Amino acid sequence: MNFLDLLTMSVNNLWRRKLRTALTVLGVVIGTAAIVVMVSLGIALNKSYLEDVEQSGGLTTINVYSGNEYAFFEGGSQSDDTEKIELTDDVIEELAQLDHVEFVSPVLTSNIIIKQGLYQADLYVRAMSSEALNKLDIPLAYGSVPQDGEELRYVLGNQAITNFYNAKTNSYPYWDTGEVPDVDLQGDFFVIYDVDAYYQTLWGDASDPESGTTIKPPKKYIMSDFSLVSGGLEEYNQFSSDTYANIDAFKAQLKKVFKNKAIPGQPTTKSGKPYKYWVYNEAYVKVDHMDNVTDVQKVISEMGLQPTSNAEWVESAQKQSRSIQAVLGGIGAVSLFVASIGIANTMMMSIYERTKEIGIIKVLGCSLGNIRTLFLLEAAFIGLIGGILGLILSYGISALMNQFMGSMMSGMMGSTSSVSVIPPWLSLFALSISVLVGILSGFFPALKAMKLSPLSAIKTE
Amino acid sequence: MSETKSEPVIQVKDLYKFYSIGNNKVKALNGVDFTINRGEFCSIVGTSGSGKSTLLNMLAGLEKPTKGQIVIGGEHIEKMNENQLVKFRREHVGFIFQSFNLLPTMNAVENVALPLTFRGMPKKIRLAKAAKMLELVGLKKQCKHKPTQMSGGQQQRVGVARALVVKPEIIFADEPTGNLDSNTSAEVMNLMKKIVREQNLTLIMVTHDNHLASFADRIFHIRDGKILKIEDNTNREVTIDEEI
Ligand SMILES: Nc1ncnc2c1ncn2[C@@H]1O[C@H](COP(=O)(O)OP(=O)(O)O)[C@@H](O)[C@H]1O
Ligand SMILES: [Mg+2]
């Protein structure tokens, strides 16, 4: 028999029993939709995890801290027994030589104050190499990422303006009244680097407790040309509150400001004299591929440093989302299984009804293989039609869920991603599964039809 | 006619068929031997339950003999498996049923074309052949009729057309007129005989009616699973022809 003839014959047979076919198809529709919608929820969940990770610094970066944090905070004294590994330029260079490491940037952090008119703000500066800054891919509302060799420039976070307070009344307009302070971020600012000295002179305690000399108010530097991260005041991301700068320019500026004095945060000798080298707070390590992050991290911790990355968190989050997906998919699979029993039942009924017909076509010389194919095709058709309709239904449900539950969820979890995502592979997978389920449930009925004796079939009245 | 007579198409040797129902053994066929030649029209006649259908079904490969040989066109039917039997029927055999057994969902021409479908013939060609066959049995106008829209006689004509359309070497008919009144029976019988003659086909027909059996060249009388006598009708037929 031609395949086309087989096809039309089985379609005609289904068409003859419209209502029963429709009901059986309905079972498959529900089963397919159940699987697709359930899995789409799992996929969306996983996707939002990954987006969260992306927001908090990506999947291929490692932040490295010096071996002993606490010693660092205690005025840099090296009296501890544990030998502390500091993040010096040598160590940075060593990190850069590791396998799978694309590049390393030192991170120098420092607090500064900027003032304009009535208002001032404390900023936390993270100075990095321009290579790292470029890699961070900071989205800018205006301005540009500071490059090597340029004058010192800052990139303000999109929420920076909320940190301005009125120095006289000591009130934050944004947090207290919801008003945005009258600060022109594109205008000129005074920048104060020696924050300690500023506060000491401000509170009137203008004498150094150790040397007893009077402290002069620190010098203010006029600066403009600030760049701004894009995003609204309510939009939180990893760039929204910190201030970024080029590390070379920033170091040069600090040297200029503090001259021979110790720069805050930098180690000093016992007599308070600064060392000649820099010690950084962090190192930003960029790894070539997500899969290598854990290995590189291991090597770094063997060096006596403290690496942190999103790898572990991502792994556990993914494990969790996988098990959620399995549970959701399982629920869908059960309903598809029920549908497959429906198909098998329909096919059996249809064979009992058509015993005579099958007998006749066998006597007339229809080959056993053709008979089997005929019934398998019918079952496969039920699966295919059910799969297609189920898929259409799934897209509808998915769209509705994203419409109504999406806003609810984003309010709750702070993520803007959708609740249900149906990628193309899932559609294809669902179609193949429903056809496969059809064929599998048609398999035994088809065998039965094939084995019917033509004689007993003819005798049936 | 005489030149084809010498070539045997069907050879049956020592054929037995037993059914066991509980502890009882029914001897439906109890040792049958005969030979049928190409182009012959044979009828098998006997009372109900004498084993006619059993014999015919075994010749058509629908049932396996308990013992014995059936050789058709040089091939041993009793040794074939289900697949080979279907292929054998598809290529060599046409079948006419007592209860017509047309597929109720198909119209006349589709029913006739059905055996050609199983041979993988393209739709256009097979429908054309079927239409021609229907014309031959006098149902040109009823081409598009469903079985329920036709009389018994018309339905059986469709059945005859369906059996003939594949140009089979052998046609089996089990009580082909059993569901028809006597006038229609005669019509159908004449039709079958005419076509079989024209196309030099071998026809084996089962009937319980002695009159209908007498249409054949040879008449096999069967009782209790045994052939009582084989009546050669050809000479008489010739004399009848001469009288006319
Ligand atoms: N499938 C069967 N099982 C048991 N007995 C059967 C079967 N088919 C036929 N018989 C018996 O075999 C005998 C011959 O049957 P059959 O060939 O149908 O007779 P006929 O066609 O001449 O009326 C009968 O006694 C019948 O009861
Ligand atoms: Mg009978």
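As the structure is a computational prediction, the values presented were derived from the model and not from experiment.

Novice: How do you make sense of the overall build of chain B when you look at a structure like this?
Specialist: Secondary structure summary: chain B contains 8 helices and 10 strands in total. By principal-axis analysis of the C-alpha atoms, chain B measures approximately 50 × 50 × 35 Å. A separation of at least 24 residues holds for 69% of the contacts in chain B among residues at least 6 apart in sequence. With an accessible surface of roughly 11,300 Å², chain B has 48% of that area assigned to carbon and sulfur atoms. Each charge class in chain B was averaged separately, 34 positive and 27 negative side chains, and the resulting centres sit 8 Å apart.

Novice: What is the right way to look at the overall build of chain A in this model?
Specialist: Scanning chain A from terminus to terminus reveals 14 helices and 12 strands. Against the globule reference of 23 Å for 461 residues, chain A gives a C-alpha radius of gyration of 35 Å, more extended than a compact globule. By principal-axis analysis of the C-alpha atoms, chain A measures approximately 120 × 50 × 35 Å. Residues classed as buried in chain A amount to 49% of the 461 residues present. At a minimum sequence separation of 6, the contacts of chain A that also span at least 24 residues come to 78%. Mean positive and mean negative side-chain charge positions of chain A (33 and 48 charges, respectively) differ by 13 Å.

Novice: Honestly, the pairing of strand S3 (residues 119–128) of chain A in this entry has me stumped. Any pointers?
Specialist: Looking along a regular strand, one sees side chains alternate from face to face of the sheet. All names here are of chain A. Where burial is concerned, most of S3 is hidden: 8 out of the 10 residues are buried. Two elements, strand S2 (residues 101–116) and S3, share 9 bridges in a ladder whose sense is antiparallel. Bridge pairing links Lys115 to Gln120 in S3. In textbook terms, the turn of a hairpin is the stretch between consecutive antiparallel strands, and for S2 and S3 this stretch comprises 2 residues, one of which, Gly117, has a positive phi near 60 degrees. Across 2 bridges, the pairing between S3 and strand S6 (residues 165–166) is antiparallel. Residue Tyr119 lies in a different strand from S6, and its bridge partner there is Asn166. Where S3 and strand S10 (residues 243–246) come together, 4 bridges link them in parallel fashion. Residue Ala127 lies in a different strand from S10, and its bridge partner there is Ala245.

Novice: What exactly am I supposed to notice about the pairing of strand S9 (residues 218–223) of chain B here?
Specialist: All names here are of chain B. The element S9 is extensively covered by neighbouring structure, given that 5 of its 6 residues are classed as buried. Here S9 pairs with strand S10 (residues 226–232) via 6 bridges, running antiparallel. Residue pairing for S10: His221 is matched across the bridge by Lys229. Taking the residues that link successive antiparallel strands as the turn, the S9-S10 hairpin has 2 residues, and the phi of Asp224 there is positive, at about 50 degrees.

Novice: Whenever I open this one, the interface of chain A and chain B confuses me. Can you help?
Specialist: How big an interface is tends to be stated in terms of accessible area lost as the parts join. Taken together, the contacts link 20 residues of chain A with 24 residues of chain B. With both chains or domains summed, chain A and chain B bury close to 2,100 Å², and 67% of this area falls on carbon and sulfur atoms. Looking at the side of chain A facing chain B, the largest losses of area belong to Val363(A), Leu364(A) and Leu455(A), adding up to 28% of the total buried there. Taken together, chain A and chain B are joined by 2 salt bridges. With a closest N to O distance of 3.9 Å, Glu82(B) and Lys362(A) form a salt bridge. If you look at where chain A meets chain B, you find 5 residue pairs in polar contact (both at pLDDT 80 or more). Residue assignment for the side of chain A that touches chain B shows that the elements contributing at least two residues are helix H1 (3–16), helix H11 (355–363) and helix H14 (454–459) of chain A. The greatest single-element share of the side of chain A that touches chain B, amounting to 6 residues, is contributed by H11(A). Grouping the amino acids of the side of chain A that touches chain B by side-chain chemistry returns 11 nonpolar, 3 polar and 6 charged.

Novice: Before we go on, may I ask you to explain the environment of Val196(B) in this structure?
Specialist: All names here are of chain B. Structurally, the position occupied by Val196 is in helix H6 (residues 182–199). Residues Val196 and Ile170, 26 residues apart in the sequence, show an inter-C-alpha distance of 9.7 Å. Other than its neighbours up to four places away in sequence, Val196 contacts Leu201 and Leu203.

Novice: How should I be thinking about the domain arrangement of chain A in this particular structure?
Specialist: As far as domains go, chain A holds domain 1 (3–55 + 316–459) and domain 2 (100–286). Using C-alpha coordinates to define each centre, domain 1 of chain A is positioned 60 Å away from domain 2 of chain A.

Novice: How do you make sense of the nonpolar core when you look at a structure like this?
Specialist: Across soluble globular proteins, nonpolar side chains have a tendency to be buried as a group. Residues and elements named next belong to chain A. Among the nonpolar cores identified, the biggest contains 51 residues, and Leu95, Tyr154 and Tyr193 are the most heavily contacted of them. Contact partners of Leu95, with chain neighbours within four places excluded, come to Val64, Leu87, Val101, Val104, Ala283, Val285, Ile300, Met303 and Leu305. Val29, Met347, Ala449 and Leu452 belong to the second largest nonpolar core, which has 43 residues in total.

Novice: In this structure, what is going on with the confidence of the model for chain A? I would like to understand it.
Specialist: Regions with low pLDDT carry predicted coordinates that are not meant to be interpreted in detail. Here chain A averages 84 in pLDDT, while 90% of its residues score no lower than 70. Scored below 50 in pLDDT, residues 69–81 of chain A shows 11 contacts in the model against residues more than four places distant or in partner chains.

Novice: Sorry, what's going on with the side chain of Gln120(A) here?
Specialist: Residue and element names in this part refer to chain A. Looking at where Gln120 falls in the secondary structure, it is placed in strand S3. Since its relative accessible area comes to 2%, Gln120 is described here as buried. Polar side-chain contacts of Gln120 include one of 3.1 Å to the side chain of Tyr198. Not counting chain neighbours up to four residues away, the residues in contact with Gln120 comprise Ile113, Ile114, Lys115, Asn163, Phe164, Tyr165, Ala167 and Tyr198.

Novice: Even after reading the chapter, I still don't get helix H9 (residues 293–302) of chain A, so can you show me in this structure?
Specialist: Given 3.6 residues per turn, any residue in an α-helix points the same way as the ones three and four places further on. Residues and elements named next belong to chain A. Taken as a whole, H9 has its buried residues at Val293, Val296, Gln297 and Ile300. The buried residues of H9 occupy one face: seen down the axis, they fall within an arc of 100 degrees. In H9, those exposed residues whose orientation departs by more than 90 degrees from the buried face are Lys298 and Glu302. Residues of H9 that are buried in the fold lie against strand S1 (61–65), helix H4 (89–96), S2, strand S11 (282–287), strand S12 (306–309) and helix H10 (311–353).

Novice: Even after reading the chapter, I still don't get the sheet that holds S9(B), so can you show me in this structure?
Specialist: Strands belonging to one sheet form pairs held by backbone hydrogen bonds; the direction of such a pair is parallel or antiparallel. All names here are of chain B. Reading across from one edge, S6-S7-S8-S3-S9-S10 is the order of the 6 strands in this open sheet, with mixed pairing throughout. Edge strands, defined here as strands with exactly one partner in the open sheet, are strand S6 (93–96) and S10. Pairs of neighbouring strands in the sheet enclose a mean axial angle of 15 degrees, with direction left out of account. Of the pairings in the sheet, the one linking strand S3 (residues 41–45) to strand S8 (residues 202–207) comprises 5 bridges and is parallel in character. Across the sheet, residue Cys42 finds its bridge partner in S8, namely Ile204. This element, helix H1 (residues 52–59), spans S3, S6, strand S7 (170–174), S8 and S9 of the sheet and lies at about 150 degrees to S7. Across the sheet, H6 touches S3, S6 and S8, and the angle it forms with S8 is around 160 degrees.

Reading the values: the criteria
- Residues numbered from 1 in each chain as written.
- Chains lettered and ligands numbered in written order.
- Predicted model: local features only at pLDDT ≥ 70, side-chain atom pairs only at ≥ 80, totals over all residues.
- Heavy atoms only, no water.
- Helix = DSSP H or I, 4+ residues; strand = E, 2+ residues; numbered from the N terminus.
- Contact = heavy atoms within 4.5 Å.
- Areas by Shrake-Rupley, 256 points an atom, 1.4 Å probe, with all protein chains shown as cover.
- Lys, Arg positive; Asp, Glu negative; His and termini not counted.
- Charge placed at Lys NZ, Arg CZ, Asp CG, Glu CD.
- Rg over C-alpha atoms; globule rule 2.2 N^0.38 Å.
- Buried < 20%, exposed > 50% of the residue type's maximum accessible area, 1.4 Å probe, protein only.
- Pairing = 2+ DSSP bridges.
- Buried area = accessible area lost by both parts, 1.4 Å probe.
- Salt bridge = Lys/Arg side-chain N within 4 Å of Asp/Glu carboxyl O.
- Polar contact = N/O pair within 3.5 Å; in protein donor to acceptor, adjacent residues only side chain to side chain.
- Nonpolar A, V, L, I, M, F, W, Y, C, P; charged D, E, K, R; others polar.
- Domains from an automatic or database assignment.
- Core = buried A, V, L, I, M, F, W, Y, C linked by side-chain atoms within 4.5 Å.
- pLDDT = per-residue confidence, 0-100.
- Arc of directions from axis to C-beta.
- Axes fitted to C-alpha atoms, helices over the stretch in contact; angles between N-to-C directions.

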